[in-house]
Protein chains: 2
Amino acid sequence: MPSAVTDPAATPPEPQTGNSHINEERLAVYFALSEVGALLSHAVEQQLRRDGDLTYVQFQILATLGDSGSGSLRMTDLADRIVYSRSGVTYQAGRLERRRLISRAPSTEDERSTVVSLTAEGRKLLGQVISGHTAVVQRMLFATLSDDDIAVLGAILGRVRDRMRQAPPRSAAPRKSRRAGEAGH
Amino acid sequence: MPSAVTDPAATPPEPQTGNSHINEERLAVYFALSEVGALLSHAVEQQLRRDGDLTYVQFQILATLGDSGSGSLRMTDLADRIVYSRSGVTYQAGRLERRRLISRAPSTEDERSTVVSLTAEGRKLLGQVISGHTAVVQRMLFATLSDDDIAVLGAILGRVRDRMRQAPPRSAAPRKSRRAGEAGH
DNA sequence: TATTGTTATACTCTATAACTATA
DNA sequence: TATAGTTATAGAGTATAACAATA
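Computed from a predicted structure; not experimentally measured.

### Thoughts on the packing of helix α2 (residues 56-66) of chain A against helix α3 (residues 75-82) of chain A
All names here are of chain A.
Inference 1: Closest axis-to-axis distance for the α2/α3 pair is 10 Å, and the angle between their directions is 115°. By crossing handedness, the relation of α2 to α3 is classed as right-handed. Contacts between α2 and α3 involve Val57, Gln60, Ile61, Thr64 and Leu65 from the first element and Leu78, Arg81 and Ile82 from the second.
Inference 2: Its residues assigned to classes, the contact of α2 with α3 shows 5 nonpolar, 2 polar and 1 charged.

Below, the structure is given as structure tokens:
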């Protein structure tokens, strides 16, 4: 990672109160987190592709369906759960449907809606893929750590995650409102 | 995150020796790490786009050049540093060159090579963007944590990262050799 | 009128291989 | 022959808006 980030000429003009600002140690932690996240997601994506020829989003769709008791969801609800745009879900659902991993049918209750369902084939593939998924995570992430490490890591990351979820997207100027279409990365 | 991952029918058939396998707590830690990584990188990408209309890869290119004393690198060296395919770097360099943030010129030493250089404009933009970059990381990641937390987190993640770097891509069957073309996500 | 989902369009990015030129 | 870089091609994914059907 470039150390240009620590260039004094480039640091923000905030008051340096000692522990309120980025320093070398914090940068190193940030880079470590970035790299671990990137390596882990890369490994997971490789595994998903190898074991099921699935992208991460496609896996998310199958897993979300598999997780919903009935195995079925409306397109909109699916999009909301995985935080993805509707047209994006339509596109991905089209690909999964071609492979017979899901099926789509109009809802009987509300004829505007489309209900997506996991097929038997889709459920089977999901089971196969999840097993490799957990194996990768165990090998890449947990094999290195003691139970204490895991507990501490979980406590810290849980706190950061909760804070991030609340954090407004900007310091000032709250956005008009969050639109579904913005969600798709 | 779907709990289908914890479905007993889907767990790998490994011996459950107590601390060698994924359990609920570990899954929660994995999900927290994934979510923190995703939220952080999403926030960083938003910031880069907002403050400089740059993608992360483009920022990496500028930062890597800015970090190299001279502000210049060969295309191949640049590709190696940011772990990206050559044709991908050619494509991104084309975009950055159109915006006059970098320039390309044939090398005088080896006429096969192209030397990429940060322009004054590119250096200026880099400085502007980095300041927002560190601010985002401070706000999203470190504002929540004590100095102790940061130290512990750094120690654990550093260990995981070192291990991940060594880890062979598969359990068995080592690949023929790592090709540059594979690196570009 | 609002909502659900699809489609059309255009653009970005990636992967692969072919290609030019220099060494 | 090998290396450096570009280009051509095709495909995946995304964002936007327009659209038809239903509520």
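Past the structure itself, the notes keep going.
### Remarks on the nonpolar core
Inference 1: Of all hydrophobic cores here, the largest spans 94 residues; its most connected members are A:Tyr30, A:Leu62, B:Tyr30 and B:Leu62.
Inference 2: Those residues within four positions of B:Tyr30 in sequence are excluded, and the remaining contacts are A:Leu40, A:Val44, A:His133, A:Val137, A:Leu141 and A:Phe142.

### Quick word on the interface of chain A and chain B
How large an interface is tends to be reported as the accessible area lost when its parts come together.
Inference 1: Taken together, the contact between chain A and chain B spans 61 residues of the former and 61 residues of the latter.
Inference 2: Between chain A and chain B lies a buried interface of about 6700 Å² when both sides are counted; carbon and sulfur atoms form 67% of it.
Inference 3: Summed over the three residues of chain A that lose the most area to chain B, namely A:Tyr30, A:Leu33 and A:Met164, the buried surface amounts to 10% of that side.
Inference 4: Counting every contact that joins chain A to chain B gives 6 salt bridges.
Inference 5: The shortest N-O distance in the salt bridge between A:Glu35 and B:Arg165 comes to 2.8 Å.
Inference 6: Taken together, the links from chain A to chain B amount to 10 residue pairs in polar contact (both at pLDDT 80 or more).
Inference 7: Secondary structure elements with two or more residues in the side of chain A that touches chain B: α1 (24-52), α2, α5 (120-142) and α6 (147-166) of chain A.
Inference 8: Here the side of chain A that touches chain B gets 16 residues from one element, more than from any other, and that element is α6(A).

What counts as what
Residues numbered from 1 in each chain as written. Chains lettered and ligands numbered in written order. Predicted model: local features only at pLDDT ≥ 70, side-chain atom pairs only at ≥ 80, totals over all residues. Heavy atoms only, no water. Axes fitted to C-alpha atoms, helices over the stretch in contact; angles between N-to-C directions. Helix = DSSP H or I, 4+ residues; strand = E, 2+ residues; numbered from the N terminus. Left-handed = near helix turned anticlockwise from the far one by under 90°. Contact = heavy atoms within 4.5 Å. Nonpolar A, V, L, I, M, F, W, Y, C, P; charged D, E, K, R; others polar. Core = buried A, V, L, I, M, F, W, Y, C linked by side-chain atoms within 4.5 Å. Buried < 20%, exposed > 50% of the residue type's maximum accessible area, 1.4 Å probe, protein only. Buried area = accessible area lost by both parts, 1.4 Å probe. Salt bridge = Lys/Arg side-chain N within 4 Å of Asp/Glu carboxyl O. Polar contact = N/O pair within 3.5 Å; in protein donor to acceptor, adjacent residues only side chain to side chain.

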